[in-house]
Amino acid sequence: MNKQAFMQELENRLRHLTDEDKLDALEYYSEYIDDLNLPPEGDVCVHLGTPKEVARQIIAQTTERKIEEQQEKKTTKGFGSIIWLAILGIFASPIVLPLAIVAVVIFISFIITIGSIVFAFGVAGAACAAAGALVAIIGIVTPGFAQKFIAIGSGLFTCGLGIMFLLFTSVLAKLMVKMVSGIIKKMAARHARKKMNQ
Amino acid sequence: MTYQLTAPLLDACVLGVVEKEDVYGYTLTQRVMDVVDISESTLYPVLRRLQKSGLLETYDVPYQGRNRRYYRITPPGKDQLSFFKAEWISYKEKIDSLLGGMNLLTIDQAN
């Protein structure tokens, strides 16, 4: 990789840093590469490693410094940018990247699965109640006493069953929401603890 | 290299080199690399950290139509370097006392 390509990729990878941090790093590396005195198409990576590796070191150090600065100031201002940098750091490291993706995907699929189950239960309950009510109404206009009796009876029974099922589903949904928010709270607390220990 | 260089020791080495004379990134890296096993991209984050904590400062000097950024040690940097030196001496003496006699001749004979 020649200087131009290296610098372009490095700049791209550092795009989330502040302008000051980014410019300082880019100027340093531009100067360093010039000092290497390579031929015009000389491979920069032989000396410095890939732009990805170089960017990872810079982002890691910048994140560390920002956290220290925050701890000294003891404010939460700029907390968002630290989280953002931390995420970048995680995603810049090759080993953690697949793990992070897997964890996020598992968590999202977990929420989707629970949501789908609750939704399916709700729809089944509502359909059951509606169908039961419909059968009961049809039963009223059905000729013949026995037919009326059976249709209205079974219709009301089904309708009641559906309503009970809906109630059960709403309890289940509340429980699930509580559980998921509990998990998220626990993870946030652990993350905050980790930060304090640094 | 058998022994690993820790971050404070690397800070100390960089401060030590810069104290002798102002240097720019390339020469500093070459000088440290001559002695210890680091990669060429190790020192930028170190320099940036030392600069941000006020132990080093920079100034630009024009060179062949571009700039060269020189690093210079600050008074707090000198204090920190003295501290690092004192720490190193006490650490070195403790390790020496554990390792026992440092007679190079006997080591040669053992080999």
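Bear in mind that the values here come from a model prediction, so they are computed numbers and not experimental data.

Draft legend 1. Examining helix α4 (residues 75-99) of chain B more closely. Residues and elements named next belong to chain B. Taking 1.5 Å per residue, 25 residues should reach 36 Å; α4 reaches 36 Å between its end C-alpha atoms and fits that length. Among the 25 residues that make up α4, 2 are buried, leaving the element largely open to the surroundings. Immediately downstream of α4, the backbone of Gly100 shows phi near 85°, a positive value.

Draft legend 2. Examining the interface of chain A and chain B more closely. With 17 residues of chain A in contact, the opposing surface of chain B contributes 14 residues. Of all elements in the fold, only α2 (19-35), α3 (45-48) and α4 (51-73) of chain A reach the threshold of two or more residues within the side of chain A that touches chain B. Broken down by class, the residue content of the side of chain A that touches chain B amounts to 6 nonpolar, 4 polar and 7 charged.

Draft legend 3. Structural view of the nonpolar core. Judged by nonpolar contacts, the single largest core of 32 residues is most densely connected at Val14 and Leu47 of chain B. Secondary-structure elements contributing two or more residues to this core are α1 (3-13), α2 and α4 of chain A together with α1 (7-20), β1 (23-24), α2 (25-35), α3 (43-52) and β3 (66-73) of chain B. Not counting the four nearest positions on each side in its chain, Val14 of chain B is found in contact with Leu28, Val32, Leu43, Val46, Leu47 and Leu50 of chain B.

Draft legend 4. Spotlight on the pairing of strand β2 (residues 56-63) of chain B. All names here are of chain B. Pairing of β2 with β3, which is carried by 8 bridges, proceeds in the antiparallel orientation. Within the sheet, the bridge partner assigned to Glu57 lies in β3 and is Arg72. Following β2, the chain reverses through 2 residues before pairing antiparallel with β3; Gln64 in that reversal takes a positive phi of roughly 45°.

Draft legend 5. Structural view of the packing of α1 of chain B against α4 of chain B. All names here are of chain B. Direction vectors running N to C along α1 and α4 enclose 125°, while the axes themselves pass 10 Å from each other. Considering their axes alone, α1 and α4 lie oblique with respect to each other. Crossing of α1 against α4: the hand is left-handed. Facing α1, whose interface residues are Ala12, Leu15, Gly16 and Glu19, α4 presents Gly77, Lys78, Gln80, Leu81, Phe84 and Trp88.

Draft legend 6. Molecular detail of the sheet that holds β1 of chain B. Residues and elements named next belong to chain B. Strand order across the open sheet formed by 3 strands is β1-β3-β2, with antiparallel pairing between neighbours. What marks the edges here is a single partner per strand, and that holds for β1 and β2. Seen against the sheet, α1 touches β1, β2 and β3 and runs at an angle of roughly 105° to β3.

Draft legend 7. Structural view of the confidence of the model for chain B. Per-residue confidence for chain B averages 88 on the pLDDT scale, and 89% of its residues sit at or above 70. Reported confidence for the predicted complex is 0.84 by ipTM and 0.58 by pTM.

Draft legend 8. A look at unusual backbone geometry. Here Asn37 of chain A, not a glycine, exhibits a phi torsion of approximately 55°, which is positive. Topologically, Asn37 of chain A is positioned in the loop between α2 and α3. By the C-beta count within 10 Å, which is 8 here, Asn37 of chain A ends up exposed. Backbone geometry at Gln64 of chain B places phi at a positive 45°, although glycine is not the residue there.

Draft legend 9. Region of interest: the pairing of β3 of chain B. Sheet analysis places β1 of chain B next to β3 of chain B, joined by 2 bridges and oriented antiparallel. Looking at β3 of chain B, one finds that Val23 of chain B is bridged to Tyr71 of chain B.

Draft legend 10. The arrangement of the confidence of the model for chain A in detail. Mean pLDDT over chain A: 83, with 83% of residues reaching 70 or higher. When the elements of chain A are averaged for pLDDT, helix α5 (residues 79-92) of chain A gives the smallest value, 66, and α1 of chain A the largest, 93.

Draft legend 11. Just the environment of Val123 of chain A, in detail. All names here are of chain A. Positionally, Val123 belongs in helix α6 (residues 96-141). When the 12 C-beta atoms within 10 Å are taken as the criterion, Val123 is described as exposed. Between the alpha carbons of Val123 and Gly162 there is a distance of 9.7 Å; along the sequence they are 39 residues apart.

So, how was this worked out
- Residues numbered from 1 in each chain as written.
- Chains lettered and ligands numbered in written order.
- Predicted model: local features only at pLDDT ≥ 70, side-chain atom pairs only at ≥ 80, totals over all residues.
- Helix = DSSP H or I, 4+ residues; strand = E, 2+ residues; numbered from the N terminus.
- Expected span 1.5 Å × (residues − 1).
- Buried ≥ 20, exposed ≤ 12 C-beta atoms within 10 Å, placed from the backbone.
- Contact = placed C-beta atoms within 7 Å.
- Nonpolar A, V, L, I, M, F, W, Y, C, P; charged D, E, K, R; others polar.
- Core = buried A, V, L, I, M, F, W, Y, C linked by C-beta atoms within 7 Å.
- Pairing = 2+ DSSP bridges.
- Axes fitted to C-alpha atoms, helices over the stretch in contact; angles between N-to-C directions.
- Parallel < 35°, antiparallel > 145°, perpendicular 65-115°, else oblique.
- Left-handed = near helix turned anticlockwise from the far one by under 90°.
- pLDDT = per-residue confidence, 0-100.

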